[in-house]
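# Coordinates in review
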Amino acid sequence: MRLDKMFMSAVIAGMLLSFACAALLSTNASPWFQENAPGLLRTIAALIFPFGLTMVIVTGTDLCTGSFMITTIAALQRRISIPKMLLHWFVTFWGNLAGSLFVVAIITGYGGVFSAPVYQKTVFSFNASKVLVPTWHGVFLRGIGANWLVCMAAFLAYMAREYFSKVMAIWWPTFAFVCLGFDHVVANMFFVPTAIFLGDPAISVSFYIWKSLIPALIGNIIGGGLFVGVAYWYIHVSGEQGPISIDGGFFPGDQVVLNGRADDASERASSTERKPSHSSPEAMSQVVGQREVALLPAHDLSIACLHSRKELYELRCALQVRPRTAPARAIADDLVYTDHAAPPSMSASFDMMDL
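In the annotation of an unreviewed UniProt entry, the protein is listed under the name Formate/nitrite transporter and assigned to Zymoseptoria tritici. Comment text from UniProt for the protein, heading Subcellular location (unreviewed entry), reads "Membrane". For the protein, the Sequence similarities (unreviewed entry) comment in UniProt is given as "Belongs to the FNT transporter (TC 1.A.16) family."

Rendered as structure tokens:
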């Protein structure tokens, strides 16, 4: 994806998530519940918040926290280089920040959404629990939990076949992260700057960067990249043998022999990024038990209904071999169908661009 599109996608994602953050703050502005039933109030707010992540995932925009999982898997599979992975993190992070600050300043700030005293008090008390009360390592650990659950929501959504299933897959892990009070770096890009914009005397920009942004960011990288990306790559994909057809391209496994030629490990190690095999479907069918693997016909509109272009691209980056285990196989089955003949125009049906 071009850098300008990547950045704009991240800006929009930051805006969409900020609307959910604003709704959460508005829900928390209930003084009686804050005093007498804080757990119930947090539960109600947690039930509302996931619509933001739903909009982000379904529309195919980019949160840097999701990139920590997807690009980590792609790099482990040598489909993208480490510099490209870090570039995607960098661009999406600043795009998310720009989108969040736009909503903070223009939409809710100058729009006067939180100008009433009861809302200002709620914003200040909420951010005190986010920034002032916890220790640095506490924010870091809560950041791990936050993106662990958020990336699980994205992982489950990729396995869903239609819209309602995607919403349900996203909703409950996101509900859990909000209900537990974890720290998501992009959500905090709205929460804390809102308090600063309203004049909270206890929080400055430098204090926010040191006490909230940095530990939450590091925790989110570990939670999404390690506990989801690396973990499920190792369980479902690493070391698996056998090809998988994605967008008409075949990608050999670690020990697959194609047309009598071994896919030599030393040769693969010399290239940072893997390239699609040019072997024919007939040659690949020898590896998968004489069963041709092909995508649905290009004119089948179900692909357009079930998957965004970005989702197909991310799965194409992340998957390389046919997994044997159920969860990852469910992802592959969204793209791969057996016992069908691929039309000649299949490779052009989805023109995905590299990072």
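This part covers helix α10 (residues 185-197). Under the 1.5 Å per step criterion, the end-to-end length of α10 is 18 Å for 13 residues, consistent within 8% with the ideal 18 Å. For α10, a buried count of 11 out of 13 residues is recorded, marking the element as mostly surrounded by other parts of the structure. Of all the positions in α10, only Val-185, Val-186, Ala-187, Asn-188, Met-189, Phe-190, Phe-191, Val-192, Pro-193, Thr-194 and Ala-195 are classed as buried. Each element contacted by the buried residues of α10 is listed here: α1 (3-28), α5 (64-76), α6 (82-109), α7 (117-132) and α11 (205-236).

All right, on to the packing of α1 against helix α4 (residues 51-59) then. Across the interface, α1 lies against α4 with an axial gap of 7 Å and an inter-helix angle of 160 degrees. In terms of axis orientation, α1 runs roughly antiparallel to α4. As α1 packs across α4, the resulting crossing turns out to be right-handed. Here Ala-13, Leu-16, Leu-17, Phe-19, Ala-20 and Ala-23 of α1 lie close against α4, whose contacting residues are Phe-51, Gly-52, Leu-53, Met-55, Val-56 and Thr-59. Residue composition of the contact of α1 with α4, grouped by class: 10 nonpolar, two polar and no charged.

Tallying each qualifying case throughout the model produces zero disulfides. With no disulfide partner, Cys-151 has as its closest neighbouring cysteine sulfur the one in Cys-64, 9.8 Å distant.

Attention shifts here to the packing of aromatic side chains. Tallying each qualifying case throughout the model produces 14 aromatic pairs. Measuring from ring centre to ring centre gives 5.5 Å for Trp-136 and Trp-210, while their planes differ by 35 degrees; the resulting arrangement is tilted. Highlighted residues: Trp-136 in helix α8 (residues 136-159) and Trp-210 in helix α11, separated in sequence by 74 residues. With a centroid separation of 5.7 Å and 75 degrees between ring planes, the pair formed by Trp-172 and Phe-175 is classed as edge-to-face. Taken as a pair, Trp-172 and Phe-175 lie in helix α9 (residues 163-179) at a separation of three residues, close to a single helical turn. A relative accessible area of 44% places Trp-172 in the partly exposed class. Through a chain of ring-to-ring contacts, the aromatic side chains of Phe-90, Phe-93 and Trp-94 assemble into a single cluster.

Parameters and conventions
Residues numbered from 1 in each chain as written. Predicted model: local features only at pLDDT ≥ 70, side-chain atom pairs only at ≥ 80, totals over all residues. Heavy atoms only, no water. UniProt positions renumbered as here; feature names shortened; annotations may be inferred. Helix = DSSP H or I, 4+ residues; strand = E, 2+ residues; numbered from the N terminus. Expected span 1.5 Å × (residues − 1). Buried < 20%, exposed > 50% of the residue type's maximum accessible area, 1.4 Å probe, protein only. Contact = heavy atoms within 4.5 Å. Axes fitted to C-alpha atoms, helices over the stretch in contact; angles between N-to-C directions. Parallel < 35°, antiparallel > 145°, perpendicular 65-115°, else oblique. Left-handed = near helix turned anticlockwise from the far one by under 90°. Nonpolar A, V, L, I, M, F, W, Y, C, P; charged D, E, K, R; others polar. Disulfide = S-S within 2.5 Å. Phe/Tyr/Trp six-rings, centres within 6.5 Å; stacked < 30°, edge-to-face > 60°.

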